[in-house]
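Summary of structural features
Chain residues, written in single-letter form:
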Amino acid sequence: MIDSKILSGNNIHHVKFAVINLMRLFKLAKIKRKNMTHFPKFLFVLAVLFCIPQVKAQEVNPNNQDVFNEFTYRQGNSYRSASGKPGPDYWQNAADYVIEATLNDVEHTITGKITVTYTNNSPEDLDFIWMYLEQNRFKADSRGSLTTPIQGNRYAGDVEGGYTIANLKATVKKGTSTRHIIDDTRMQVFFDEPIPAKGGKATVSMDFNYKIPVEGMDRMGRLDVAEGTIYAMAQWFPQVAVFDDVVGWNIEPYLGAGEFYYDYGNFDYKITVPYDHIVVASGELQNPNQVLSKTMRERMDRAAKSDTTVYIVRPEEVTNKSIRAKQNGTLTWHFKIENARDVAFGSSKAFIWDASRINLPSGKKAMAQSAYPKESAGPDAWDRSTEYSKASVEHYSERWFEYPYPVAVNVAADIGGMEYPGLNFCGWKAKGASLWGVTDHEFGHNWFPMIVGTNERRYAWMDEGFNTFINHYSTLEFNNGEYPSRLNRMRDATGWFVNPNRESIDTYPDVANLQNLGMIAYYKPAMGLLLLREYILGEERFDNAFKSYIETWAYKHPQPNDFFNHMENVAGENLAWFWKGWFYGTGNIDIAINEVQSYQGDFIVSIRNRGEIPMPVVMRATFNDGTTKDIKLPVEIWQRGNTWNHLIRTTKQLQKVELDPEKVLPDVDLANDVWNASGSQDQGK
Ligand SMILES: [Zn+2]
């Protein structure tokens, strides 16, 4: 999904100029130099003499052990190893779907039949499975409706929908059960005999129908435009919940902010629609000869060989029936996708349709497509959607992991931005930088969580945050920087970092205050990765580790600790202090220059960690001849306490010392980051 609030200028934290009262811990200038070879020991003795404050006898000063301690599970087990990989006994279950559905564009309903083949790879026999019936969110008495504020919010939805389920059959071997319990958005399906552990199979089939909501919680729904209705269809069929080694069944209800978590499987689905609809969907169209006219097929063939956008249905042809494969009745569009979490589709008679080729690193090709109404067309608007889609998918494939699906479709809908495997819904009024931004973001979700299959309903930061991070580089690269990316302007967000209503990244989306979701699910975790890449680990170590994480967990279900463990193992760094400080708390970074003193021709810079999160220190010394020297100090300087003295050996006069001269860190107090010999303090920007 796209964040509704983009970091705005209003968030800029204005720190008033402040004169720092320097704590004079050392009176070094008074001390005569005796012998440089004794310097370290000499300093140590001084530190002991001067640093221990006067305390009552029974009190013990805390040290920084807890800041650097291990946290949560780091030992690994046979399912998930300490190295951050799937362990030798790792398993996950699979669900394959065969669906036939009919869209009625008069009644606005979906009527379908589904057969799920479920494979139980777990070490336990399963007496039942849990399924999600997300359309049940759209009822007046659903948990989601009842937990939506009276004034509404982004995740409000229609209340006249909900599933009708009939003819349910749940079969293991020869025994067939019809027993099931529907509770809100979940359905428990029982079997006559358990699904055997380690590879046992069950099939569950049922008929379903529901009214398609207009407002589908900004993730699906209907939009009326001049030439017809656009149906954005997602959460549109019953799906099996995830059973895993961590919590068993993942059965959080569908309320609003929390998104989805599904196992991987193959989908074979047929959508029957009025003859004049165009259907675009996750996966590959199986029957182009039946649903596309000869003209459309020829254009599609041309698009498959073209790096520029080719119309399949031109703007002036939208209402032209002769371009369709049939001139009356219905058409059944047949799609397949393999190894996917989900499928979605868009259907409308109002679609302009265009496409071009996507070139993948292996030499394989895929297709970028866009479907949008004439209201969305324009040279600065959806006319460029396919160009954006192609660039986005090519970038992520080149940089992180090759795109696995045959088609990448962008559909204009009344939805800010929502992602499904190989298909997005993006705002039909979006233009220019915002259309690029939302298109790139939603396609980026193919990597998180479609390829790396995390639990969005609990850990939005593992998909939204990681995706927002990769979007930064995609945007910088697109068309030589046509549109800006501001993720690296982390200091613009320090107003939020000191807001008393802030929450931590690990807050579940359905728990988090909606005003915080943009930061805790998107920007703060993305900034965390940016800090790791551009400040803590460096690009090469980070990229090795992050790529390895994606490859290792592609089509699997990593937990937060698998990510932490994997990054540490491949990058070769214990980062517990960073995970704990940045991802699991509301603490902040605030490194300060306490004072700078001359010491026998050299200079001692005294720095202090005033924040809750320790950080390596980068500082730039500027000398009287205009030369500069950059100094990097490791995070371990903070292990024994929150003050540190660094000796700058020089024959020159020191003019200025500046912490974080490249302005990478979102340090919450910029007034204490710069020291000037002239005595004036200028504010780091
Ligand atoms: Zn998103």
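Provided above is the structure to which this section pertains.
Residues numbered from 1 in each chain as written. Predicted model: local features only at pLDDT ≥ 70, side-chain atom pairs only at ≥ 80, totals over all residues. Heavy atoms only, no water.

Some details on the overall build of the protein chain
Heads up, the condition is: Starting at the N terminus, helices and strands are each numbered in turn, a helix being any DSSP run of H or I of at least four residues and a strand any DSSP run of E of at least two. A radius of gyration in this sense is built from C-alpha atoms; the matching globule rule multiplies 2.2 Å by the number of residues raised to 0.38. Accessible area is worked out with a 1.4 Å probe on protein chains only. A residue is then buried under 20% of its type maximum, exposed over 50%, and partly exposed in between. The accessible surface values rely on the Shrake-Rupley method and a 1.4 Å probe; as for residues, cover is taken only from the protein chains in view.
Per the secondary structure count, the protein chain includes 14 helices and 32 strands. In terms of overall dimensions, the protein chain is globule-like: its C-alpha atoms have a radius of gyration of 29 Å, near the 26 Å expected for 685 residues. By the burial criterion, 58% of the 685 residues in the protein chain qualify as buried. On the protein chain, roughly 27900 Å² of surface is accessible, and the fraction owed to carbon and sulfur atoms is 49%.

Some points on the sheet that holds strand β9 (residues 215-216)
In a beta sheet, neighbouring strands pair by backbone hydrogen bonds and run either parallel or antiparallel. Using the following cut-off: At least two DSSP bridges between two strands are required for those strands to pair.
On the basis of which strands lie adjacent, the open sheet formed by 5 strands has the order β9-β10-β11-β20-β16 and antiparallel pairing. Every other strand in the sheet has two partners, leaving β9 and β16 (278-281) as the edge strands with one partner each. Sheet analysis places strand β11 (residues 228-233) next to strand β20 (residues 345-348), joined by 3 bridges and oriented antiparallel. Following the sheet pairing, alanine 232 is matched in β20 by glycine 346.

Regarding the coordination of the zinc ion
Applied cut-off: Coordination here is defined by N, O and S atoms within 2.8 Å of the metal (3.2 Å for Na, K and Ca), and since water is not considered, a site can look incomplete. A four-donor site is called tetrahedral if each angle lies between 85 and 135 degrees; a four-donor site is square planar, and a six-donor site octahedral, when trans pairs exceed 155 degrees and the remaining angles lie between 65 and 115; all other cases are labelled irregular.
On the protein side, the zinc ion has Met1 (N), Met1 (O), His441 (NE2), His445 (NE2), Glu464 (OE) and Glu464 (OE) as donor atoms, found 1.8 to 2.7 Å from it. Metal-centred angles of 54 to 158° between the 6 donor atoms at the zinc ion mark the site as irregular. Written as a sequence motif, the donor arrangement for the zinc ion is M-x439-H-x3-H-x18-E. Remark: glutamate 464 occurs in helix α9 (residues 464-477) and methionine 1 occurs in the segment before α1 (39-51); sequence separation between them is 463 residues.

Points about empty space enclosed by the protein
Selection rule: Note on definitions: the grid is 1 Å and covers protein atoms alone; a cavity is a set of points where a 1.4 Å probe fits but cannot get out; a pocket is an open set with protein on both sides within 12 Å along at least five of seven lines; lining residues have an atom within 4 Å of a point. Grid points are joined across faces, edges and corners, and a volume is the space filled by probe spheres set on the points.
Scanning all chains against the criterion turns up 8 cavities of 30 Å³ or more. Taken as a whole, the largest cavity spans an internal volume of roughly 90 Å³. Lining the largest cavity we find 14 residues, and of these Ala257, Glu259, Ala460, Glu464 and Leu517 sit closest to its centre. No other element matches the 3 residues that helix α11 (residues 514-536) contributes to the lining of the largest cavity.

What to know about the packing of aromatic side chains
The test is simple: Ring pairs shown here join Phe, Tyr and Trp side chains whose ring centres sit within 6.5 Å, with only the six-membered ring taken for Trp; geometry is labelled stacked below 30 degrees between planes, edge-to-face above 60, and tilted in between. Two limits define a charge over a ring: the Lys NZ or Arg CZ must be within 6 Å of the ring centre, and within 35 degrees of the ring normal.
Under the counting rule described, the total for this entry stands at 61 aromatic pairs. Both rings, one in tyrosine 163 and one in phenylalanine 208, keep their centres 6.0 Å apart while their planes meet at 75°; by these two values the pair is edge-to-face. Of the two residues, tyrosine 163 sits in the loop between α3 (143-146) and β4 (164-172) while phenylalanine 208 sits in strand β8 (residues 200-211), which places them 45 residues apart along the sequence. The same class applies to tyrosine 163 and to phenylalanine 208, which are both buried. Above the face of the phenylalanine 190 ring, arginine 179 is positioned so that its terminal group lies 3.8 Å from the ring centre. In this structure, arginine 533 is placed above the aromatic ring of tyrosine 473, and the distance from its NZ or CZ to the ring centre is 4.6 Å.

Side note on the packing of helix α13 (residues 560-571) against helix α14 (residues 576-583)
Rules: What counts as an axis is a line fitted to C-alpha atoms, over the stretch in contact for a helix, and the angles between N-to-C directions run from 0 to 180 degrees. For any helix crossing, the convention is left-handed if the near helix is rotated counterclockwise from the far helix by under a right angle, and right-handed if that rotation is clockwise. Here a residue-residue contact requires only that any non-hydrogen atoms of the pair lie within 4.5 Å. Each residue gets one label: Ala, Val, Leu, Ile, Met, Phe, Trp, Tyr, Cys and Pro are nonpolar, Asp, Glu, Lys and Arg are charged, and the others, such as Gly, are polar.
Across the interface, α13 lies against α14 with an axial gap of 11 Å and an inter-helix angle of 145°. α14 is crossed by α13, and the crossing has right-handed handedness. Note on element contacts: α14 touches α13 through Ala576, Trp579 and Phe583, opposite Phe563, Phe564, Met567 and Glu568. Its residues assigned to classes, the contact of α13 with α14 shows 6 nonpolar, no polar and 1 charged.

Points about helix α12 (residues 539-553)
As a reminder of what qualifies: Expected span of a helix, by definition, is 1.5 Å for each gap between consecutive residues, and there is one gap fewer than residues.
Here α12 is 15 residues long and its end C-alpha atoms lie 21 Å apart, about the 21 Å a rise of 1.5 Å per residue gives. Every buried residue of α12 is listed here: Phe542, Asp543, Ala545, Phe546, Ser548, Tyr549, Ile550, Thr552 and Trp553. Of the surrounding secondary structure, the elements contacted by the buried residues of α12 are α8 (446-451), α9, α11 and α13. The positive-phi residue at the C-terminal boundary of α12 is tyrosine 555, with phi of around 65°.

With respect to the pattern of salt bridges
Where charged atoms from two side chains of opposite charge come close, those side chains can pair. How we decide: Within this document, salt bridges are pairs made up of a side-chain nitrogen of Lys or Arg and a carboxyl oxygen of Asp or Glu, the two lying within 4 Å of each other.
If you walk through the whole model with that rule in mind, you get 29 salt bridges. Across the salt bridge formed by arginine 384 and glutamate 482, the nearest N and O atoms sit 2.7 Å from each other. With arginine 384 in the loop between β22 (365-372) and α6 (385-399) and glutamate 482 in the loop between α9 and α10 (494-497), this pair connects stretches of sequence that are 98 residues apart. With relative accessibility at 14%, the residue arginine 384 sits in the buried group. Between aspartate 492 and arginine 489 there is a salt bridge, and its shortest N-O distance comes to 2.8 Å. Residue arginine 489 is classed as partly exposed on the basis of its relative accessible area, which comes to 38%. The structure contains a network of salt bridges with shared partners spanning Asp307, Arg357, Lys390 and Glu394.

Quick word on the environment of methionine 300
Within the secondary structure layout, methionine 300 lies in helix α5 (residues 294-303). Under the relative-accessibility criterion, methionine 300 is labelled buried at 13%. With 55 residues separating them along the chain, methionine 300 and alanine 355 place their C-alpha atoms 7.3 Å apart. Once residues lying within four places of it in the same chain are set aside, the contact partners of methionine 300 are Ile312, Trp353, Ala355, Met367 and Gln369.

Observations regarding the environment of phenylalanine 191
Along the chain, phenylalanine 191 falls in strand β7 (residues 186-195). In this structure phenylalanine 191 comes out as buried when scored by relative accessible area, which is 9%. Along the sequence, phenylalanine 191 and valine 204 sit 13 residues apart, while their C-alpha atoms lie 9.5 Å from each other. Residues within four places of phenylalanine 191 in sequence aside, it is in contact with Leu126, Asp127, Phe128, Ile129, Ala170, Thr171, Val172, Ser177, Ala202, Thr203 and Val204.

What about α11?
Since the α-helix packs 3.6 residues into each turn, any two residues three or four apart lie on the same face. To keep things clear, this is the line we draw: Note that bend, as reported per residue, equals the angle between axes fitted to the 7 residues terminating at that residue and the 7 residues originating from it.
Under the 1.5 Å per step criterion, the end-to-end length of α11 is 30 Å for 23 residues, consistent within 8% with the ideal 33 Å. At tyrosine 523, α11 shows its strongest bend, of approximately 35°, with the proline proline 525 following within four residues. Along α11, 20 of the 23 residues are buried, which leaves the element largely enclosed by surrounding structure. In the stretch just after α11, glycine 538 is the one whose phi turns positive, near 90°.

Here's the deal with the pairing of strand β19 (residues 330-340)
Sheet faces and side chains relate simply in a regular strand, where the side chains alternate between the two faces. Of the strand pairs in this sheet, strand β15 (residues 265-274) and β19 are connected by 9 bridges, and their pairing is antiparallel. Across the sheet, valine 273 pairs through a bridge with leucine 331, a residue of β19. Here strand β17 (residues 284-285) runs beside β19; their pairing, made up of 2 bridges, is antiparallel. Within β19, the residue paired with glutamate 284 across the bridge is lysine 336.

Here we look at unusual backbone geometry
Phenylalanine 448 connects to proline 449 through a cis peptide bond whose omega is 15°. By secondary structure assignment, the location of proline 449 is in helix α8. Even without being a glycine, tyrosine 555 presents a positive backbone phi close to 65°. Following the sequence through the fold, tyrosine 555 ends up in the loop between α12 and α13. Unlike most non-glycine residues, aspartate 660 shows phi in positive territory, near 45°.

A few points about the sheet that holds strand β28 (residues 617-623)
The antiparallel open sheet is built from 4 strands, whose spatial order is β29-β28-β31-β32. Edge strands, defined here as strands with exactly one partner in the open sheet, are β29 (628-633) and β32 (674-676). Within the sheet, the average angular offset between the axes of one strand and its neighbour, ignoring direction, is 15°. For β28 and β29, the ladder comprises 6 bridges, and the chain directions are antiparallel.

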